[in-house]
Amino acid sequence: MSWLFGYKSKVPPQGADGAPEPPGPPPSAAGAGQAAGDVNLTKAERKAMEAYRFDSSALERAAEAARTLERSKHAREALELSKMQENTRQQEYLAKVKEYEAHIETSKVEQKRVDHEERRKTLAEETKQQQQRAQYQDQLARKRYEEQLAQQQRVQEENLRKQEESVAKQEAMRRKTIEHEMELREKNKMKLLEAELRAKAKVDRENRDLTLEQIRLKAEENRITVMEGIKTAGSVLGQGATALLTDWNKVVTTVGGLSLLALGVYTAKGATGVTARYVEARIGKPSLVNETSRFSILEALKHPIETAKRLKNKPTDALQGVVLQPKLEERLRDIAIATKNTKNNKGLYRNILMHGPPGTGKTMFAKRLASHSGMDYAIMTGGDVGPMGRDAVTAIHKVFDWASTSRRGLLLFIDEADAFLRKRSSEQISEDMRSALNAFLYRTGEQNPRFMLVLASNTPEQFDYAINDRLDEMVEFTLPGLEERERLVRLYFDKFVLEPAAEGKKRFKVEQWDYSAVCSKMAKMCEGMSGREISKLGVSWQAACYASEEGVLTEKMVLDRCEAAVRQHRQKMAWLSEQEKLDHKSITGGKGFLPQ
């Protein structure tokens, strides 16, 4: 309908015959004057005025167009077309309204999504802030707790220091009191002794004359007695000598008897010495030997049952009842087989050095090696040689003489051999120890078919070079690894706990718990411990059971004893000096040999 009212119409209005109409009259003077007055208004004021302005010419043009349209033959069609156009615009307007409403709904949904996302981010940020706040509060609480602990520790240290100072003061006062009492007691003794001496001197001065008279009488009597004795002896000897010299038969008899007597004395003395040395070499045990499987006639008479057991014992496996690393086991088994065959073929024995931390089974393997080879063993300690002084050389010769008389062959095991076989060049050793070392080197200069030498030491680097030259095999015994420790713990648990409980001994029972898991756990706890320490741990389990009220061994008791043993081991390691740690390099070694 815009063409009807004359706005936004680009086509000029036409007449009834289709010709364009002339333009309308110009705007009135009043309108021109008003337009001229609007120039002075602002843009906003002009827009406000246009809203209330009315153009009458548009109505005139509309009326004229309506009259023209009525006169036209296409008036009805134009009206219908106009209606259709208006309906189309209404439909387009409704579609735009629907589209706008849909856009508004979409905007609302998007706004809700954005609000939800913002709310989620806000909640996440609040959660993060709360976590940070909680962590900060936890840090503050920990810091306050640490400060409280430090303050308590300082207070405890201060109290301990005050207590120590108090104890030191009390000790000083007690010491001063004791010293004062001893000083007073000494003064009293001196005064008493002085008084006694003065009284004695006074009595001696008063009895001096009487004492002198008694001495004179005793001297006179003694002189008379001596003179009479001399006279009597002289007369007797004179008569005897006269009778002897006048009778030559008596002279010859006397000389012969004295000669025979002297010959008998010297012969008996020599025979006694030879017999004693023979008995000592064949039957007796040298003083340096502390333990031996070789028995004498006297020991057989004293202990017949043990002697019978020794005779019945058959050679056993050298590695029976031991726990060791596979490589070390293979090497020791070769040594045992070679030693046994050497003994059977009467060959020359090889000398062995076994070194490593204490408690790793060196002594036990030496005994098993002798039993496996069918030999006797003798154990001596290097620390026993030093205190003997000059007698050490003789004692060492006696040991080797005694070892050479063994019919079965003797395994001579010297424990802590570095005690007297130290380096002569760098070590400050006495002349007696040097002589003992030289005697040992002299007796071990060549390999012997009678005895086998086995040395054991924790510090083999201290040996003299000549000792190292006499060694044929060197075997290192190290601490057990995890697998060996677990086998040892299980072995000692069976030996000291399960077997006594199964035998039904009094006051020895075991609760039901997972023994295997506990043994594996204790094996991990016992890192760095030797076989001897683990065996002592097994004995401590028995002690814990015997000390309990009901005689029942629980899992807690076993683990507590294990933790105590671990703490003691760590304390022992902490006590080692730097030099001892250097000397015992293998104290933290890996897998090794451990006795069962």
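Criteria and cut-off values
Residues numbered from 1 in each chain as written. Predicted model: local features only at pLDDT ≥ 70, side-chain atom pairs only at ≥ 80, totals over all residues. Heavy atoms only, no water. Axes fitted to C-alpha atoms, helices over the stretch in contact; angles between N-to-C directions. Helix = DSSP H or I, 4+ residues; strand = E, 2+ residues; numbered from the N terminus. Parallel < 35°, antiparallel > 145°, perpendicular 65-115°, else oblique. Left-handed = near helix turned anticlockwise from the far one by under 90°. Contact = heavy atoms within 4.5 Å. Nonpolar A, V, L, I, M, F, W, Y, C, P; charged D, E, K, R; others polar. 1 Å grid on protein atoms, 1.4 Å probe; cavity = no way out; pocket = protein on both sides within 12 Å on 5 of 7 lines; lining within 4 Å. Points joined across faces, edges and corners; volume = space filled by probe spheres on them. Salt bridge = Lys/Arg side-chain N within 4 Å of Asp/Glu carboxyl O. Buried < 20%, exposed > 50% of the residue type's maximum accessible area, 1.4 Å probe, protein only. Phe/Tyr/Trp six-rings, centres within 6.5 Å; stacked < 30°, edge-to-face > 60°. Lys, Arg positive; Asp, Glu negative; His and termini not counted. Polar contact = N/O pair within 3.5 Å; in protein donor to acceptor, adjacent residues only side chain to side chain. Pairing = 2+ DSSP bridges.

If you look the protein chain up in an unreviewed UniProt entry, it shows as AGAP001792-PA-like protein from Anopheles sinensis.

Asker: Which parts of the structure should I look at to understand the packing of helix H17 (residues 531–547) against helix H18 (residues 555–575)?
Answerer: Each packed pair of helices is defined by two parameters, the angle between the axes and the distance between the axes. Packing of H17 against H18 leaves a shortest axis separation of 10 Å and a crossing angle of 140°. In terms of their interaxial angle, H17 and H18 are classed as oblique. Where H17 crosses over H18, the handedness of that crossing is right-handed. Each of Glu-533, Leu-537, Ser-540, Trp-541, Ala-543, Ala-544 and Cys-545 in H17 lies in contact with H18, whose residues at this interface are Met-557, Val-558, Arg-561, Cys-562, Ala-565, His-569 and Lys-572. When its residues are assigned to classes, the contact of H17 with H18 shows nine nonpolar, two polar and three charged.

Asker: How do you make sense of empty space enclosed by the protein when you look at a structure like this?
Answerer: Over the atoms, a rolling probe the size of a water molecule traces out where space has been left empty. Following the criterion strictly, the structure yields two cavities of 30 Å³ or more and no others. As a volume, the largest cavity reaches approximately 50 Å³. Of the residues contributing to the lining of the largest cavity, the split by class is three nonpolar, four polar and one charged. Empty space within the second largest cavity amounts to approximately 30 Å³. Lining the second largest cavity we find Met-380, Ile-396, Val-399, Phe-400, Leu-412, Ile-414, Phe-420 and Phe-440. Among the elements of the structure, helix H12 (391–404) and strand E5 (410–415) are those that each provide at least two residues to the lining of the second largest cavity. No other element matches H12, which puts three residues into the lining of the second largest cavity.

Asker: Would you take a moment to explain unusual backbone geometry for this structure?
Answerer: Across residues other than glycine, the phi torsion is negative in most instances, and most of the peptide bonds are trans. Phi at Lys-346 is positive, roughly 55°, even though this residue is not glycine. Backbone geometry places Glu-416, a non-glycine residue, at a positive phi of 50°. Structurally, Glu-416 can be placed in the loop between E5 and helix H13 (431–443).

Asker: What's the story with the pattern of salt bridges in this structure? I'm lost.
Answerer: Side chains that differ in charge, positive against negative, can pair when their charged atoms come close. Across all of its chains, the model carries 19 salt bridges by this definition. A salt bridge links Glu-158 to Arg-161; the nearest nitrogen and oxygen atoms lie 2.1 Å apart. Of this pair, Glu-158 and Arg-161 both sit in helix H5 (residues 75–206), three residues apart, which is roughly one turn of that helix. For Glu-158, a relative accessible area of 30% corresponds to the partly exposed category. Put simply, Asp-560 and Lys-556 hold a salt bridge, and the shortest N to O gap is 2.9 Å. Separated by four residues within a single helix, Asp-560 and Lys-556 lie in helix H18, roughly one turn from each other. Judged by its relative accessible area of 60%, Lys-556 is exposed.

Asker: How should the packing of aromatic side chains be read in this particular structure?
Answerer: Two numbers describe a pair of aromatic rings. These are the distance of the centres and the angle of the planes. Counted under the stated rule, the structure contains ten aromatic pairs. Ring centres of Phe-365 and Phe-477 lie 6.4 Å apart, and the angle between their planes is 50°; this geometry places the pair in the tilted category. In this pair, Phe-365 sits in helix H11 (residues 362–373) while Phe-477 sits in the loop between strand E7 (473–476) and helix H15 (482–502), placing the two residues 112 residues apart along the sequence. On the basis of relative accessibility, which here comes to 3%, the residue Phe-365 falls in the buried class. Members of the aromatic cluster, joined through ring pairs, are Phe-400, Phe-420, Phe-440 and Phe-451.

Asker: What is the right way to read the side chain of Arg-294 from this model?
Answerer: Tracing the chain through its elements places Arg-294 in the loop between strand E1 (289–292) and helix H8 (297–302). Although buried, Arg-294 forms no salt bridge, and the nearest oppositely charged side chain, Asp-376, lies 4.9 Å from it. Reaching out from Arg-294, the side chain makes a polar contact with the backbone oxygen of Trp-402 at a distance of 2.7 Å.

Asker: It is not clear to me how the sheet that holds strand E4 (residues 376–381) should be interpreted in this structure. Could you clarify?
Answerer: As a general point, the strands of a sheet are linked pairwise by backbone hydrogen bonds and lie either parallel or antiparallel. The strand order across the open sheet formed by six strands is E1-E4-E5-E6-E3-E7, and the pairing between neighbours is mixed. The open sheet has two edge strands with one neighbour each: E1 and E7. Adjacent strand axes in the sheet meet at a mean angle of 20°, parallel and antiparallel pairs treated alike. One ladder, built from six bridges, connects E4 with E5; its direction is parallel. Bridge pairing links Tyr-377 to Leu-411 in E5. Helix H10 (residues 326–344) contacts strand E3 (352–355), strand E6 (451–457) and E7 of the sheet and is inclined by roughly 145° relative to E7. Against the sheet, H12 touches E1, E4, E5 and E6, its axis set at about 150° to E5.

Asker: Which parts of the structure should I look at to understand the environment of Met-522?
Answerer: Assignment of secondary structure puts Met-522 in helix H16 (residues 515–525). Look at Met-522 and you get buried, because its relative accessible area is 0%. Setting aside chain neighbours within four positions, we find Met-522 in contact with Val-489, Trp-541, Val-558, Leu-559 and Cys-562.

Asker: Can you walk me through the packing of H10 against H11 in this structure?
Answerer: Interaxial distance between H10 and H11 falls to 9 Å at its minimum, and their mutual angle equals 40°. On the basis of their axis angle, the class for H10 and H11 is oblique. As for how H10 packs across H11, the hand of that crossing is right-handed. Judged by residue contacts, Leu-332, Ile-335, Ala-336, Ile-337, Thr-339, Lys-340 and Lys-343 of H10 engage Phe-365, Leu-369, His-372 and Ser-373 from H11.

Asker: Honestly, the side chain of Gln-542 in this entry has me stumped. Any pointers?
Answerer: Among the secondary structure elements, Gln-542 is positioned in helix H17. Gln-542 sits in the buried class, given a relative accessible area of 18%.

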